[in-house]
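# An overview of the molecular structure
The lines below spell out each chain.
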Amino acid sequence: DVTQLVAAGDAPRALYAHALNVQGRCLYDVILYRLHKSTAEEPHILLECDSSVLDSIQKHLKTYKIRRKVTITPCPDLSLWAVIPAEQPGDSSSLPKCADQAVLLTPDPRAEVMGWRLIAKKGANLSEIIPGSHLGDVQDYHRHRYKQGIPEGVKDLPPGVALPLESNLAFMNGISFTKGCYIGQELTARTHHMGVIRKRLLPVSLAAPLPSAAVPEGAQILTESGKAAGKFRAGGGELGIALLRLAHVNEPLCIKLGGDRVRLRASTPEWWPKGAAK
């Protein structure tokens, strides 16, 4: 519900959201940022998306602007950074109160464990914006995501395949149940109000020794007795994310790769609401 970003008073700086198709399946996961300072200014919203779908998401947005005076343009002069907390999530005492070189520095709207999102001009000095920070690489970020069970982008959330409630969007502030009509609402609202969700995205860890090749996306996950338990979505090294039947989450699980069996273990993220995995 993007009206939150332009509301008067204590409006959030960032909002997590998805565009769905008519079947209620995820197309694009996005984070929206409010750039204007007050309601007196013309609204300016920055949209973060998977870079591989930049062209298709622009086309999607332009289809739905319908005679509105809305300008949609990419921003290649900006760079995006994740600021992951070293200590307790949500502890902002180590962050500067005023980051002059930053276009925007705000808590990640999905979950406290994801820290903050920093948007800066390309070439900005990160050590000046956040003194004492350690510069990691994108794999460090993905490992943190997978450890916490946070899906992101088209690999984790395949367009036209992933369902929003199975992907835990209600836990990540990614769905508004008061917004009103939207594309894909019928299935999403019905599933939410019936309260029956049998599968969810969960963090998984592969047992050593790790397979020499990466686990293919969509690989079937089985129980010890050979029952289908779910599908591996994506990962890196020993960590990943998988769509699993909740009935099998606490059982020993494996993936068949060629003639080998790779064991893996699923876990329920600590940041989830209590009882959410039942």
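The structure presented is a predicted model; accordingly, all values stated were derived computationally and were not measured. (Residues numbered from 1 in each chain as written. Predicted model: local features only at pLDDT ≥ 70, side-chain atom pairs only at ≥ 80, totals over all residues. Heavy atoms only, no water.)

## Here's the deal with the overall build of the protein chain
- Helix and strand content of the protein chain: five helices and twelve strands.
- At 20 Å, the protein chain has a C-alpha radius of gyration in line with the 19 Å of a compact globule built from 278 residues.
- Across its three principal directions, the C-alpha atoms of the protein chain cover 65 × 45 × 35 Å.
- Taken over 278 residues, the protein chain has a buried fraction of 43%.
- A separation threshold of at least 6 residues defines the contact pool for the protein chain, and within that pool the share at least 24 residues apart is 62%. (Helix = DSSP H or I, 4+ residues; strand = E, 2+ residues; numbered from the N terminus. Rg over C-alpha atoms; globule rule 2.2 N^0.38 Å. Buried < 20%, exposed > 50% of the residue type's maximum accessible area, 1.4 Å probe, protein only. Contact = heavy atoms within 4.5 Å.)

## Things to note about the sheet that holds strand 11 (residues 253-257)
- Read once around its circumference, the closed barrel built from six strands follows the order 7-10-9-8-11-12, with strand pairing classed as antiparallel. For this sheet, the mean inter-axis angle between neighbouring strands, taken without regard to orientation, is 40°.
- Pairing geometry for strand 8 (residues 220-223) and strand 9 (residues 228-236), over three bridges, is antiparallel. Residue Gln-220 lies in a different strand from strand 9, and its bridge partner there is Lys-231.
- Across the face of the sheet, helix 3 (residues 138-148) comes into contact with strand 7 (199-206), strand 9 and strand 10 (239-245) while running at roughly 30° to strand 10. (Pairing = 2+ DSSP bridges. Axes fitted to C-alpha atoms, helices over the stretch in contact; angles between N-to-C directions.)

## Things to note about the pattern of salt bridges
- Applying the stated criterion to the full structure yields eleven salt bridges.
- Here Arg-110 ties to Glu-152 by a salt bridge, and the two come within 2.7 Å at their closest N and O atoms. Taken together, the residues span a long stretch of sequence, with Arg-110 in the loop between strand 5 (102-107) and strand 6 (116-121) and Glu-152 in the loop between helix 3 and helix 4 (153-156) at a distance of 42 residues.
- Relative accessible area serves as the criterion here: at 19%, Glu-152 is assigned to the buried category.
- Its salt-bridge partner being Glu-238, residue Arg-143 comes within 3.0 Å of it at the nearest N-O pair. Placement of Arg-143 in helix 3 and of Glu-238 in the loop between strand 9 and strand 10 is noted, with a sequence separation of 95 residues between them.
- Given the relative accessible area of 35%, Arg-143 is considered partly exposed.
- Salt bridges sharing common partners tie together Glu-48, Asp-108, Arg-110, Arg-117 and Glu-152. (Salt bridge = Lys/Arg side-chain N within 4 Å of Asp/Glu carboxyl O.)

## What about the sheet that holds strand 5?
- Overall, antiparallel pairing links the three strands, which are arranged 4-6-5 in an open sheet. Pairing within the sheet leaves two strands with one partner each, and these edge strands are strand 4 (78-83) and strand 5. Mean inter-strand twist for the sheet, computed between neighbouring axes without regard to direction, equals 15°.
- Bridge count for strand 4 against strand 6 is six bridges, and the pairing is antiparallel. Paired with Trp-81 across the strands is Leu-118, a residue of strand 6.

## Some details on the packing of aromatic side chains
- Scanning all chains against the criterion turns up one aromatic pair.
- Above the face of the Tyr-16 ring, Arg-110 is positioned so that its terminal group lies 6.0 Å from the ring centre. (Phe/Tyr/Trp six-rings, centres within 6.5 Å; stacked < 30°, edge-to-face > 60°. Lys NZ or Arg CZ within 6 Å of the ring centre and 35° of its normal.)

## Considering the side chain of His-36
- Inspection of the secondary structure puts His-36 in the loop between strand 2 (26-34) and strand 3 (45-48).
- The exposure class of His-36 is buried, given its relative accessible area of 4%.
- Of note is the side chain of His-36, whose polar atom sits 3.0 Å from the backbone nitrogen of His-44.
- If we skip the residues at most four places from it in the chain, His-36 touches Leu-5, Val-6, Glu-41, Glu-42, Pro-43 and His-44. (Polar contact = N/O pair within 3.5 Å; in protein donor to acceptor, adjacent residues only side chain to side chain.)

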